[in-house]
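Breakdown of the fold
Read off the chains here:
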Amino acid sequence: MATRFGFYEPITAQVRADSLQTAVQSLETAREKNKFGEKDRLIYFIDAGMLNHYAENYEISNEKLTQAEQAADELFTKSVSKAMLSTVLNDNALDYSGEDYEILYTNLIKALNYAALDDHEDALVEIRRANLKLDLLKTKYADAAAVFREESRKDTSYIDFDYDVKEVHFYNDAFARWLSMHLYAADGKYDDARIDEEQLRQAFTLQPNVYDFTLPEVTYASDEGAILAVVALAGLAPNKQTLSLRLRTDKDLNLVQVLYDGPDTNQVEYAHFPAPINEDYYFKFAIPQLVDRFSDVGSVQLTIDGQPAGELNLIEDVNKVARETFDAKKSWVFIRTIARALAKGLAAHQLKEKADTGGLEGWLKKLAVDVATDLSENADLRSSQYLPGRIFVGDFVVPTGPHDLTIEFYSRTGHLMTTSTYQNYQVLEQGLNLVEAFNLN
Amino acid sequence: MRLLLTGLIVIALIGGCGGGKTVTRLDTDSVTDLSGQWNDTDSRLVAEEMISDCLNRPWYTDYMQAKADKPVVTVGTIHNESSEHINTGTFIADFERELINSGKVRFVAAKEQRSEIREERQEQQEFASRETAKKLREETGADFILQGSIKTITDQEEGKHVTFYQTDLELINIESMEKVWIGTKKIKKGISQGKTKW
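In this report, the structure presented in the accompanying data block is examined.

Reading the values: rules and limits
Residues numbered from 1 in each chain as written. Chains lettered and ligands numbered in written order. Predicted model: local features only at pLDDT ≥ 70, side-chain atom pairs only at ≥ 80, totals over all residues. Heavy atoms only, no water. Helix = DSSP H or I, 4+ residues; strand = E, 2+ residues; numbered from the N terminus. Contact = heavy atoms within 4.5 Å. Areas by Shrake-Rupley, 256 points an atom, 1.4 Å probe, with all protein chains shown as cover. Buried < 20%, exposed > 50% of the residue type's maximum accessible area, 1.4 Å probe, protein only. Axes fitted to C-alpha atoms, helices over the stretch in contact; angles between N-to-C directions. Parallel < 35°, antiparallel > 145°, perpendicular 65-115°, else oblique. Left-handed = near helix turned anticlockwise from the far one by under 90°. Polar contact = N/O pair within 3.5 Å; in protein donor to acceptor, adjacent residues only side chain to side chain. Buried area = accessible area lost by both parts, 1.4 Å probe. Salt bridge = Lys/Arg side-chain N within 4 Å of Asp/Glu carboxyl O. 1 Å grid on protein atoms, 1.4 Å probe; cavity = no way out; pocket = protein on both sides within 12 Å on 5 of 7 lines; lining within 4 Å. Points joined across faces, edges and corners; volume = space filled by probe spheres on them. Lys, Arg positive; Asp, Glu negative; His and termini not counted. Phe/Tyr/Trp six-rings, centres within 6.5 Å; stacked < 30°, edge-to-face > 60°. Arc of directions from axis to C-beta. Nonpolar A, V, L, I, M, F, W, Y, C, P; charged D, E, K, R; others polar. Pairing = 2+ DSSP bridges.

1. Some thoughts on the overall build of chain B
When helices and strands are counted, chain B shows 5 helices and 5 strands. Reading the secondary structure of chain B in the N-to-C direction produces α-α-α-β-α-β-α-β-β-β. Once local pairs closer than 6 in sequence are excluded, the contacts in chain B between residues at least 24 apart make up 63%. Summed over its atoms, the accessible surface of chain B is roughly 13,500 Å², and 52% of this surface lies on carbon and sulfur atoms.

In C-alpha cells:
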C-alpha cells in the first residue's frame, strides 16, 4: 500500500495483538486526523466495519458496512462514467469504488453481525444481497468496458483496440450458503436449508477455480442432538502491489505488445493485440495485482467441555475469491490504462519530436517528457485491510444445554497460537447455535 | 444615523438567516421516493390496496351470511424475504389500520401485544381493586389471521437496477386452517444511488 497509508501499520499491529477496541479507536483517530481523504472513504467504512465486528460492536459494524455498501454502489457507477479517456489522469484520481470481494464480504460479515444480534431475518437479507451481487458480477466489467469504449470513441486521441474483459467464473459463494443453511434450519425451514446445502455442494463442484480444496462435511439437523455451527476467520485478505508493464508498439504490424520483467530480468509478454498505430514508441505503466498476505494459521480445532470435538475445515479461501473477481476488474483496468497509455504515448511522442532541438537541452526536454508520461500511470494500490483471508467452519452434533467451548488456532508447525473460549454456552434444541472466533495472524 | 440603522438591520437579517439546518415537514401522505427502495408510501399503498381487495372477496359475504356478525381478524407475521431491510412492523401497522378503519371487521391485538396485555391483566388480579380488575378468559378469539411475506426480485433494465417488490398475503381461518383469501401485490421501482455522507 502507498506510503500515505503508513498510519495503518500500528493499527494492524494492534489487530494482530488482539487489542481490538484500541484498534477501533486508532482507526477513528486516523479518520479525525484526516488520514483518509474523501476519495478513500470506502476503505474507512469497510475497515471500521471489520474492526467493530472483531471487537463485537455488531451494531456499529453494521452501520459502517452499510455505508460501505452504499458508497460502493454509488462510486462504481461514478467510476464507470468518470473513467473516460480525457477526464482521468490515472485511477488514483478517482474515488476508490472497492473490489467485488470486498463488497461481497461486507454483506457476509453483516450477516454474521445480524446472526450475533439474533436477527435471523436481517441476516438472511444480507445473504440475499450478496447473492444478488454475485448474479450481476458475470457481466459487470464487460458492460463497464463497453461503456468506456463507446464514450472514449468520442475522443479523437482514442485508439481503438481489441482486448476482451475476463469473465468472472464465480456466482455461488459457499460460505454464504453455509450461513443461510444454518439460518433457515434455525427457523425450522428445512427445505430452504436443504437447498442451501445442495447449492454449497454445487459451489464446490462447478467452481473448482475458487474451491480447489475438499468440500467440508456440513449438517444442519440431527436426530442425535442439536447442531453447533462454528466459524473461524483466519489471516487477512490480500493486498495490492504494483505490476510494472511496458508497452511497445509496432506501426508496421499495427501491433501493441505489453511486457513485464520476468524473474530473470527477461521481458515476458503479458498481452498483445492489434491496434491502428501510427508511431513506434515504448512506454512504462503499471496496474495493480493482488498479493496474498501470509497467515500462519494451519488448523482450527474445537473442544467441548474439555474434550476434543474435531477440526474445522476450510470453506472459503478469500484470497482465491478475491483473485477470481479481481482478474475481471483488472482486465477492465488494463483496457482503460492501455487506452490512456496509447493516447498519452502518442501525445508524448509528438511532444518529444517538438522538443528535439538537439544538444543537451533537447535531450533533457525529451527526458522530461518521458518522466512525466511514466509517472502519470501509477497503479491504484488502495484496498481495505481487515477482511479475513480464510474462513473455516465446523458443524458438530452436541447435546442441548450449557457447554464450555474452546476454539484453538494452531500454527502451520502445530503450535497453539490462540484460544477463544465460551463458558456456559447454551446449545438450543431449536434455534441458531453459531459461534465465531478469529485469529488474523 | 440612517446609514448606521440600515447597517444594523442588514447585520440582524444576515445573522438571522445564517447557520442551522432547515427542517421541512412533509405531509405524511405525500409521495417521497428518494432512494428507490421500499418506503412508507409503498407500505401504505400496498396495505390500502390489498386490504380493500381482501374485504371485497366472497369469503367476507359468506361469513356474514353464515354468522350474521363481523369476522374477528388479527394480523400475524409478515416475513421479510426480500433483499432489503424492511421494517415489517410499520407494514403490519398499516394492515391493522386499514382493517380497523374499514369498519367491516372486528380486530384483536397481535400476538406480542396480547402477551403484554395478558401480563398486565394477570398483575391486576393481584394488585388492582376487585371492582376495576379486568376478568380473565374474556378475550375475543380471532376467527381469521392474516399472514404473509414480502419478496424482491432485482434485475437490470437498460443499465439501471429495477426491483420488483412482491407482497403475498393469506387470510386463514384459525379453526379450520382453511385459506379463504390469497392476495398478491407487485410494485416495480427503479433504484438510484444517493451520495454517501463523509
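Moving on from the coordinates now.
2. A few points about the overall build of chain A
When you go through chain A residue by residue, the secondary structure sums to 10 helices and 12 strands. Burial statistics for chain A: of 441 residues in total, 57% are counted as buried. By sequence separation, contacts in chain A at least 24 residues apart represent 75% of the contacts at least 6 residues apart.

3. Overview of the packing of helix α5 (residues 100-116) of chain A against helix α7 (residues 174-186) of chain A
Residue and element names in this part refer to chain A. Direction vectors running N to C along α5 and α7 enclose 20°, while the axes themselves pass 11 Å from each other. Comparing their axes, α7 and α5 come out roughly parallel. For the pair α5 and α7, the crossing hand works out as left-handed. Taking contact as the criterion, the partners of L108, A111, L112 and A115 in α5 are, on α7, F175, A176, L179 and L183.

4. Describing the side chain of A:N439
Residue and element names in this part refer to chain A. Topologically, N439 is positioned in strand β12 (residues 434-439). For N439, the side chain forms a polar contact with the main-chain nitrogen of N441, separated by 2.8 Å. Leave out the neighbours within four places in its chain, and N439 touches L233, A234, G235, V297, F409, M417 and T418.

5. Concerning the interface of chain B and chain A
Each partner contributes to the interface: chain B provides 19 residues, whereas chain A provides 22 residues. Counting the surface lost from both chain B and chain A, the interface buries some 1,800 Å², and carbon and sulfur atoms represent 51% of this. Viewed at the interface, chain A and chain B are joined by 1 salt bridge. Seen at the junction of chain B and chain A, the total is 7 residue pairs in polar contact (both at pLDDT 80 or more). Of all the secondary structure elements, the ones that give two or more residues to the side of chain B that touches chain A are β1 (72-81) and β3 (144-157) of chain B. The element best represented in the side of chain B that touches chain A is β1(B), accounting for 4 residues.

6. A short note on empty space enclosed by the protein
Residue and element names in this part refer to chain A. Under the definition given, this model contains 1 cavity of 30 Å³ or more. Roughly 210 Å³ of internal volume is contained in the largest cavity. What lines the largest cavity is a set of 24 residues, and nearest its centre among them are D91, K329, V333, R336 and D380. For the lining of the largest cavity, the secondary structure elements donating two or more residues are β5 (282-291) and α9 (318-355). Among the elements that take part in the lining of the largest cavity, α9 stands out by supplying 7 residues, more than any other.

7. Observations regarding the side chain of B:E96
By the secondary structure assignment, B:E96 is in helix α4 (residues 88-102). Despite its burial, B:E96 pairs with no opposite charge; the closest candidate is B:R114, at 8.3 Å N-O.

8. Observations concerning the environment of A:Q67
All names here are of chain A. With respect to the helices, strands and loops of the structure, Q67 is situated in helix α4 (residues 58-82). On the basis of relative accessible area, Q67 is assigned to the partly exposed category, the value being 26%. For the pair Q67 and I46, spaced 21 residues apart in the sequence, the C-alpha separation amounts to 8.4 Å.

9. Looking at the packing of aromatic side chains
On inspection of all chains with the given rule, the structure shows 29 aromatic pairs over all chains. For the pair A:F7 and A:F36, a centre-to-centre distance of 5.1 Å together with 80° between the ring planes defines the contact as edge-to-face. Taken together, the residues span a long stretch of sequence, with A:F7 in the segment before α1 (8-16) and A:F36 in the loop between α2 (20-32) and α3 (41-54) at a distance of 29 residues. Here the aromatic rings of B:W38 and B:Y165 are separated by 5.4 Å at their centres, their planes lie at 50°, and the arrangement is tilted. Taken as a pair, B:W38 in the loop between α1 (2-17) and α2 (40-55) and B:Y165 in strand β4 (residues 160-173) lie far apart in primary sequence, 127 residues in all. Among the residues examined, B:W38 registers a relative accessible area of 13% and is labelled buried.

10. Remarks on α1(A)
All names here are of chain A. Listing the buried residues of α1 in full gives Y8, I11, T12 and V15. Along the long axis of α1, the arc covered by the buried residues comes to 100°, so they all point the same way. Positive backbone phi, at 70°, marks D18, one or two positions downstream of α1.

11. Considering the packing of α2(A) against α3(A)
All names here are of chain A. Across the interface, α2 lies against α3 with an axial gap of 8 Å and an inter-helix angle of 160°. As far as their axial angle goes, α3 and α2 are roughly antiparallel. The handedness of the crossing between α2 and α3 comes out as left-handed. Contacts between α2 and α3 pair L20, A23, V24, L27, E28 and R31 from the former with Y44, D47, A48, L51, N52 and Y54 from the latter. In terms of residue class, the contact of α2 with α3 is made up of 8 nonpolar, 1 polar and 3 charged.

12. Digging into the sheet that holds strand β10 (residues 401-411) of chain A
Think of a sheet as strands paired side by side through backbone hydrogen bonds, with each pair either parallel or antiparallel. All names here are of chain A. In spatial order, the strands read β7-β6-β10-β11; together these 4 strands make up an open sheet with antiparallel pairing. Looking at the sheet topology across the chains shown, the edges are occupied by β7 (307-311) and β11 (416-427). Neighbour-to-neighbour, the strand axes of this sheet turn through a mean angle of 25°, independent of strand direction. Strand direction decides the pairing type here: strand β6 (residues 297-304) and β10, joined by 7 bridges, are antiparallel.

No statement about biological role is implied by the geometric values presented.
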